[in-house]
Amino acid sequence: MVEVRLERVSKRFGRVVAVNEVSLVFEDGRFTVLLGPSGSGKSTLLYLIAGIYKPTSGRIFFGDRDVTELPPKERNVGLVFQNYALYPHMTVYDNIAFPLRLRGVPEPEIDSRVQEVAKLLRIEELLDRYPGQLSGGQQQRVALARALVKRPAVLLLDEPLSNLDALLRLSIRAELRKLQQSLGITAIHVTHDQAEAMSMADKIVVIDRGRVQQVGPPEEVYERPRNLFVATFIGSPPSNTLPGSVESDGGYPVVRVAGSTYRPGEEEARVVEEAGLDRVVVAFRPEHARLLEAPPDEGFDGLSLEGEVYLVEPLGKENIVTLTVAGLPVKTVTPPEQRPGPGEKLYIAVPRPRVMLFDPDTGLNLWSLAEQLAAARRPD
């Protein structure tokens, strides 16, 4: 197993910059997920690590070894593709054995290693079958066995679960995570599925337009999004966002939003003043809001908004309620027994610790903007 390190890696295809100045560390034995929308550059980044693409600039290291110029076969990586890429004319046994035969491994050792990995993935009874005789989940296990039989230093997974149905995907992702933990292998997994990323990752790397937007444990990325992109990309439904203007209340900055006044905490107020912001974006997650029939009590510390119910989507365990607030849609999540009717007037209450403020120009969360301002003040 090995640590993977990228130093200012970029990849251009003509005028298109697919990966832009990315510096990252993938820790030894950890499961890292590259998460982003289609076209964000996450698969390109994976292929750079695999050696399928060479970077336009920057360096890639496996441990202390510079592998930037090395072809895939000299990097000792296992790669599982979205479409599995199994050879249809070969049996499962021969598909798994193929990379070892390319390396000239003796047949007795090939047999031993194929049997070992087949047992690990519980596909011993499939070894004589052909890929066309297998289900999607079985093909996924065979593709994973072929990657693992090489005993790779790094396991690279390019959306390997996206072709599976929803129930099978849940089962396989749990098995895959358990397998990675038991083997202690360094794994890098590409997906656009947020639930998949949140449930599997030790660390999430959020990517958009070739740039890293945030890196951190799943809980941190979810609870403390660094910028508006992360806040509105992570989560289902994503965070609500409303424009706000900054006003002074006896010298203290307050935010006027959708006809209400929100009083930020002292640290946020300090950043608003230091950055000279006259506008902010107010955001909160739908599950952090409560729906009330009357305005919150006078002592309520947070954001209070008045809205009209537009749509209710029952999901069994919960309801997604969309309201119109000052002409803008706002989503909330309610328990199944709370199902208001369309047109009903309700109040949205969000506790202050759950309200997020962003700089509309940079998109940065105020805590991230505070870090940027502090860095600018430090002497070189």
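The rules behind the values
- Residues numbered from 1 in each chain as written.
- Predicted model: local features only at pLDDT ≥ 70, side-chain atom pairs only at ≥ 80, totals over all residues.
- Heavy atoms only, no water.
- Buried < 20%, exposed > 50% of the residue type's maximum accessible area, 1.4 Å probe, protein only.
- Helix = DSSP H or I, 4+ residues; strand = E, 2+ residues; numbered from the N terminus.
- Contact = heavy atoms within 4.5 Å.
- 1 Å grid on protein atoms, 1.4 Å probe; cavity = no way out; pocket = protein on both sides within 12 Å on 5 of 7 lines; lining within 4 Å.
- Points joined across faces, edges and corners; volume = space filled by probe spheres on them.
- Nonpolar A, V, L, I, M, F, W, Y, C, P; charged D, E, K, R; others polar.
- Salt bridge = Lys/Arg side-chain N within 4 Å of Asp/Glu carboxyl O.

1. Comments concerning helix 2 (residues 92–102)
Right, so step 1: Considered for burial, the residues of helix 2 that qualify are V92, Y93, N95, I96, A97, P99 and L100.
Right, so step 2: Taken together, the buried residues of helix 2 touch helix 3 (107–120) and helix 4 (136–148).
Right, so step 3: Once helix 2 finishes, G104 follows within two positions and takes phi at roughly 75 degrees, a positive value.

2. Topic: the layout of surface pockets
Right, so step 1: Its volume calculated, the largest pocket comes out at about 520 Å³.
Right, so step 2: Lining the largest pocket are 18 residues; nearest its centre among them are V77, L79, P99, L102 and K150.
Right, so step 3: Mapped by element, the contributors of at least two residues to the lining of the largest pocket are strand 6 (77–80), helix 2 and helix 4.
Right, so step 4: Its residues placed into classes, the lining of the largest pocket shows twelve nonpolar, two polar and four charged.
Right, so step 5: Approximately 310 Å³ is the volume attributed to the second largest pocket.
Right, so step 6: Residue lining of the second largest pocket: 18 residues in total, with R224, E268, V355, N365 and W367 positioned closest to the centre.
Right, so step 7: At the level of elements, helix 7 (218–223), helix 9 (266–275), strand 20 (356–358) and helix 10 (366–377) are the ones that each hand at least two residues to the lining of the second largest pocket.
Right, so step 8: No other element matches helix 9, which puts four residues into the lining of the second largest pocket.

3. Quick look at the pattern of salt bridges
Right, so step 1: Enumeration over the complete set of coordinates arrives at 24 salt bridges.
Right, so step 2: Across the salt bridge formed by E107 and R101, the nearest N and O atoms sit 3.1 Å from each other.
Right, so step 3: Overall, the relative accessible area of 42% leaves E107 in the partly exposed class.
Right, so step 4: Each of the salt bridges in this network shares a partner with another, and the network as a whole consists of E267, R270, E274 and R377.

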